[in-house]
Each structure stands twice: as C-alpha cells, then as structure tokens.
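Structural characterization, general
Here's the letter readout for the chains.
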Amino acid sequence: MQTPQEEPGCVLSKTDVDLIIKHAQQLITAKGYIQRPAKGPEMEDLGIIHDGAVAIANGKIVAVSKSEDVLSKYAASERLDAAGKIATPGLIDAHTHFVFAGSRESELELKIKGASYLEILQKGGGILRTVRDTRAASKEILLQTCRERAKSLLVHGTTTIEAKSGYGLSLQDEIKSLEVINSLNDEGPLTLIHTFLGAHAIPSEFAGRTDEYVDVIIADWLPQISQRHLARFCDVFCEKGVFEIDESRRVLLAGKRLGLMPRIHADELYPLGGAELAAEVGAVSADHLLYASDLGVERMKEAGVIATLLPAAPLTLMLDRYADARKFITHGVPVALGSDLSPSCWIENEQLVIALACYKLKMTPAEAIMATTINAAHSIQSAHEIGSLEVGKKADITIFNAKDYQFLGYRLGVNMVETVIKNGRVIVKDGHLA
Ligand SMILES: [Zn+2]
C-alpha cells in the first residue's frame, strides 16, 4: 500500500509496513549464507550495518539497510528505536534436550565429589532418573513445564530451538514428548524443530540388551514416528558403553530411510569414531566432538557435516577438556553452537553459550554469533527462513542493551536482551514478556 506523505518541497510515496526497527548502532545481518553455512574466515563475516534499520510486514523482513534508506521508503505506525544498541537475528539453539520433567540438583554435589557422568548413569541416576520423572508426568503437566521453559528462552533472546525427545525411552513416552514439542510449536511463539532421540540411553527394562533395544527402535518406533511426522531428525547418543558405532549406524540409517535426517552425539567422552560415522551416514550435524579425531574432522569437512559445539556440557560435567573449535574452523568445517539444555546442563541463556564459546573454545565473539544464528539455522535445516536478516526471511530479531556485538562474548551472567521480535511481533519488551 502506498501512502503519500507531504514533506517540504517534495511529495514522497512511502510503503506502509507493520514495524520498523531503526537506528541500531550495529545491525548484525549475518547475510549471504543462505545456501551454505559460513566456514573458516567467513565465520567472522557478520554483515554489520551501522545505524541500521529493518522494515517488517506480515511477519517477514521487507527491507534491511541504513536507517536513512529504510525510513525514506517505508512508514510504520510502530517503530522501535535501537539507538546505542545491537540487533541480531533471533538466537537459535541448535541442541537442546528440551522435554524433561523433574530436576537433578542433588547430582551437583556428586559431581563435585568426583563422580563421573557414566558412574552416575550406571547407578540409576542421570538420564535414567529423568526418564522415570518424564514417564510419570502426564502430557498436560509436561506441556505446562515446557511452556514455562520456552518463555525463559524467549526472554533470553532465543527464538528457535532444536528440541529432542529422549527421556521417554518407550514408544508411548517418546511420542508423548514429541507431541509436546509439536503442541508448543503450534502455540508459538518459540519455534521448535523436533528430533527423535529414542537412542539416548538404554532403558532399565532393556538393561544388558542393547541390541534388542536397537531392534525395537528400528522395527517398531521409527516407522510410527515417521508416519506421524513427529520428527525432522533422528539422533543417537553414540558413546562407549551406550550406543557404540555399529548400533548408532543402524539407528541413523534406519531413520534416514524413513526420511528422518541423521544428527549425532559424537565423541563427547571418548574417541569412538562418531565424527567419521557422521560423515559416513550423511549427518546434518555432529555434536559435542571433544574427542573428534583428525580423520573425523577431515571426513566431516568432505561430507559437509556441521560441527555443533556445546561448551556448557563440559563445564557442567566439570571436564577440563573442550571441543577444539579452532581446529574445525581452520579446517573449514562450519561450526554451530547449542546449549545442551538438559537436567544435567540446565542453561536457558544462549548469551552465556556465546560467552563460553569465547572463553573456553577460543572462538571470537563474531564467530560465536554466526554459530548461534545462520550456522545454527543450517544445523537444523532452517536457513532458508531464519538465521539472518535478509529480505523475505521471518522477522525474528533480538535487540540487546549493548553498544557493540563483542559484549555478547564479554559480559557474563546477565541478560542483555531488551526486545525480542518473533514473526514480526514484539514478544519481549524491556526484557520482559510483552
Ligand atoms: Zn545432547
């Protein structure tokens, strides 16, 4: 719609839009990487527009440019002044275990006293405890729990997440978890991309019978989950003593045959060859990768597998080792970041993930921002609609109370989010849900 507007000496015709964000000190666009993720030096290519503006109509971005350009062509009744602030694409969390009931605060002391993750698991704690809590929760209770969790993520600037099942570990409870993800996604405003992680741990009723459990997942569960369109991805916790390489391969290939793209928990605690397996099965993403071998890195590069790194995981496991992000970036493997949000790594603030990526993975703030925007979008196969500020994309935008993007790596432990826009609507204002 054209609106004639009188200005001294001339008549300008401006296009009406729903919302304009103007005068952002730094508008981080992350543009130019819709077809493929940023890699190597491209991971610092933030596409910054100083004094930038975005025009939004019908939930989509219709213009991204200097404020002067946008304001000369577009008019909107609602305008947000981002002077002195930075605006980025809405943050994307590429790895969460979002659907769980209960909590495991008592394990913190066990970890402090030296118990390892696998020791806690072998004693019936860890994942298995959360499985008991999640099975016991009704779908309504689980949905309500996750709804509150979603609000917390939004307030911290995250607009899209990858969300795994994996605390049901029975067909019925895995379906319940995936249906909770679907329901929340339908409710909005947080977007959730669903992943089936039935092969997360061996449930107690299958103890010592991993092969049989894998058989059931392949023969019975995966076909039903695929038929009901309950998951985009199929993931496996590929780890020594849990699902080893052959078992992981079987699950991932069976999922792929049914249209569920593979992603994998790889080489987190032990150098098992998960990175190589990710390349072999054509995984979209291999995650964790603390112990990825040089060959694995090379294979991932050749196969175009994204390395989704999760620096909060080793932090909360109290490990000294972190993924070698510099090796992936130097070798041209695209890096994305995720929180690993779960009962053992309860982190809802992706700004902290960015900071940990800087302090523990030696990624620059620019690399960490690309890894939580456009590259994270690629990690969940959504780069065609989110992850960057480009015309035609969904208007998912986070505005931070910071004058420079480097604050996202630098300032720790506070929520710098001022405004969150999701599908063109202001959903967080002055740091609170609108
Ligand atoms: Zn995980």
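Everything discussed here concerns the structure shown above.
Because the structure is predicted, anything quoted here is derived from the model rather than measured.

Looking now at the nonpolar core. Judged by nonpolar contacts, the single largest core of 124 residues is most densely connected at F98, F196, I225, L289, L309, F328 and M363. Element by element, the count of residues in this core is highest for helix α5 (residues 139–155), at seven residues. Once residues lying within four places of it in the same chain are set aside, the contact partners of F196 are S165, E174, L178, I217, W221, L222, I225, A231, F233, C234, D235 and L260. With 17 residues, the next largest nonpolar core counts L27, I49, I56 and I397 among its residues.

This brings us to the coordination of the zinc ion. Coordination sphere of the zinc ion, protein contribution only: H95 (NE2), H97 (NE2), H265 (NE2) and D340 (OD), at 1.9 to 2.6 Å. One can describe the site at the zinc ion as irregular: its four donor atoms subtend angles covering 80 to 166° at the metal. Look at where the donors of the zinc ion fall in the sequence and you get H-x1-H-x167-H-x74-D. Separated by 170 residues along the polypeptide, H95 in strand β7 (residues 91–96) and H265 in strand β11 (residues 261–266) bring together distant segments of the chain. Note on accessibility: H95 and H265 belong to one class, buried.

Moving on: the packing of α5 against helix α6 (residues 171–187). Two elements in contact, α5 and α6, have axes whose closest approach is 10 Å; the angle formed by their N-to-C orientations is 50°. Compared by their axis directions, α5 and α6 come out oblique. Crossing geometry of α5 relative to α6 is assigned as right-handed. Contacts between α5 and α6 involve K139, L142, L143, C146 and R147 on the former and, on the latter, K176, S177, E179, V180, S183, L184 and E187. Here the contact of α5 with α6 is composed, by residue class, of five nonpolar, two polar and five charged.

Of the two faces of strand β15 (residues 397–400), the one lined by I397 and I399 and the one lined by T398 and F400 are each fully buried. Taken together, the four bridges between strand β6 (residues 86–89) and β15 define a ladder with antiparallel strand orientation. Pairing of A87 across the sheet is with I399, part of β15. The sheet contact formed by β15 and strand β16 (residues 417–422) spans four bridges and is antiparallel. When the sheet's bridge partners are listed, I399 is paired in β16 with T419.

About the criteria used
- Residues numbered from 1 in each chain as written.
- Predicted model: local features only at pLDDT ≥ 70, side-chain atom pairs only at ≥ 80, totals over all residues.
- Heavy atoms only, no water.
- Core = buried A, V, L, I, M, F, W, Y, C linked by side-chain atoms within 4.5 Å.
- Buried < 20%, exposed > 50% of the residue type's maximum accessible area, 1.4 Å probe, protein only.
- Helix = DSSP H or I, 4+ residues; strand = E, 2+ residues; numbered from the N terminus.
- Contact = heavy atoms within 4.5 Å.
- Donors = N, O, S within 2.8 Å, 3.2 Å for Na, K, Ca; no water.
- Tetrahedral: all angles 85-135°; square planar, octahedral: opposite > 155°, others 65-115°.
- Axes fitted to C-alpha atoms, helices over the stretch in contact; angles between N-to-C directions.
- Parallel < 35°, antiparallel > 145°, perpendicular 65-115°, else oblique.
- Left-handed = near helix turned anticlockwise from the far one by under 90°.
- Nonpolar A, V, L, I, M, F, W, Y, C, P; charged D, E, K, R; others polar.
- Pairing = 2+ DSSP bridges.

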